[in-house]
Amino acid sequence: MDKNQIRAIKKDEEFDLKKLLNRFLVKWKFYLVSLIVILILAFLFIRYATPSYTVHAQVLGEDNDSKGSSSSSSSFSQTNMMMDLGGLFDLQNNVYNEMAILQTRDLLEKTINNLHLDIAYYKKGDIRDIETYNKSPFKVDFTPISESIVLTEFEVQFPDSGKSLKYILNTEDNTFKATANFGDTIHSPVGKFCLIRTGQPFGDDNYSFTVNSVSAVIADIQKNMVISIPDDQTTVIQVDYNTTVPRKGETMVGQLINEYMQRNLNEKNEISDSTITFIDSRIGLVSGDLAGIETDIEH
């Protein structure tokens, strides 16, 4: 290839590059506007999107003593190996049973009732409402008319920012409205309400709260909770719960674990009481027999 051909190729490449740049420069306004729009959308998403968090906890499940009882002298090594395998299966079965207990409805129901998770508190916003959980300036004492109520939202307005006892309560669809004071009992289509101050400061914001059935709350928790065994050779049970309110999720998972531990403690106490009762009855029978034998000997 001679020098003239090389110069021609370089000239063509230079010409193509300029042509490509000219195509972009002609539409620079469009690209600039697109970039600005993308940045605005990204800012709005970060500003108003509801963040999601994962609460992680681990529970040491109850294990059996079969594995520990399998350690004996080296002369029975083959037997010990079989017992170790049997103990491993018993251990795994027991851990899976404990994992199933953690997911039972009665534990979740006790957790919800103790923490009143069937009621959620919100601060009204222009775009989205923010759940306040334990930062709400008021709490609701709620008695449902039935166990199958539907999710209902109530808006609460404080005319003087909570300085007086008066407040206005109405449903989101305005089918129910009431004016009352703190401590009053309000009868609504879904149940009875009584609003109480919590000591948190009131702001100029509007507030709302929702009431739901315990069954619906249980279903929502089960949908967002994953209980698993990370290692087949341990008795550790892992609990992961997805939530938009970290503090609420931590409290809920902690209460669930407490209910689980209390259940195990109650079972152990019942077994201990039954064992003590059985031993006392056996001791009574043996004492009676010994007394009879002693009487026979004396005679």
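Since this is a predicted model, take the numbers as computed values, not measurements.

Student: Requested: an account of the sheet that holds strand β12 (residues 236-243), with residues and values cited.
Tutor: Taken together, three strands build an open sheet; the order of strands is β1-β12-β11 and the sheet is antiparallel. Every other strand in the sheet has two partners, leaving β1 (53-60) and β11 (225-228) as the edge strands with one partner each. Recorded for the sheet is a direction-independent mean angle of 15° between the axes of neighbouring strands. As paired elements, β11 and β12 share four bridges and run antiparallel to each other. Pairing of I227 across the sheet is with V239, part of β12. Of the strands in this sheet, β11 and β12 are in contact with helix α5 (residues 214-224), which crosses β11 at around 55°.

Student: How would you summarise the pattern of salt bridges if you had to cite specific residues and measurements?
Tutor: In total, this model carries seven salt bridges according to the counting rule given. With its nearest N and O atoms 3.1 Å apart, the salt bridge here joins K124 to D129. Of the residues examined, K124 reaches a relative accessible area of 24% and is grouped as partly exposed. Residue class for D129 comes out partly exposed when judged on its relative accessible area of 30%.

Student: Tell me about helix α4 (residues 105-115), and name the residues and values.
Tutor: Inspection of α4 places L107, L108, T111 and I112 among the buried residues, and these make up the whole buried set. Angularly, the buried residues of α4 cover 130° about the axis, an arc narrow enough to put them on a single face. The positive-phi residue at the C-terminal boundary of α4 is H116, with phi of around 55°.

Student: Can you tell me about the packing of α4 against α5, naming the residues and giving the values?
Tutor: Packing of α4 against α5 leaves a shortest axis separation of 10 Å and a crossing angle of 110°. As judged from the angle between their axes, α4 and α5 are roughly perpendicular. The hand of the α4/α5 crossing is right-handed. Residues R105, L108, E109, I112 and N113 of α4 touch α5, and the partners they reach there are V214, S215, V217, I218, I221 and Q222.

Parameters at a glance
- Residues numbered from 1 in each chain as written.
- Predicted model: local features only at pLDDT ≥ 70, side-chain atom pairs only at ≥ 80, totals over all residues.
- Heavy atoms only, no water.
- Pairing = 2+ DSSP bridges.
- Helix = DSSP H or I, 4+ residues; strand = E, 2+ residues; numbered from the N terminus.
- Axes fitted to C-alpha atoms, helices over the stretch in contact; angles between N-to-C directions.
- Contact = heavy atoms within 4.5 Å.
- Salt bridge = Lys/Arg side-chain N within 4 Å of Asp/Glu carboxyl O.
- Buried < 20%, exposed > 50% of the residue type's maximum accessible area, 1.4 Å probe, protein only.
- Arc of directions from axis to C-beta.
- Parallel < 35°, antiparallel > 145°, perpendicular 65-115°, else oblique.
- Left-handed = near helix turned anticlockwise from the far one by under 90°.

Purely geometric numbers; function is a separate question.
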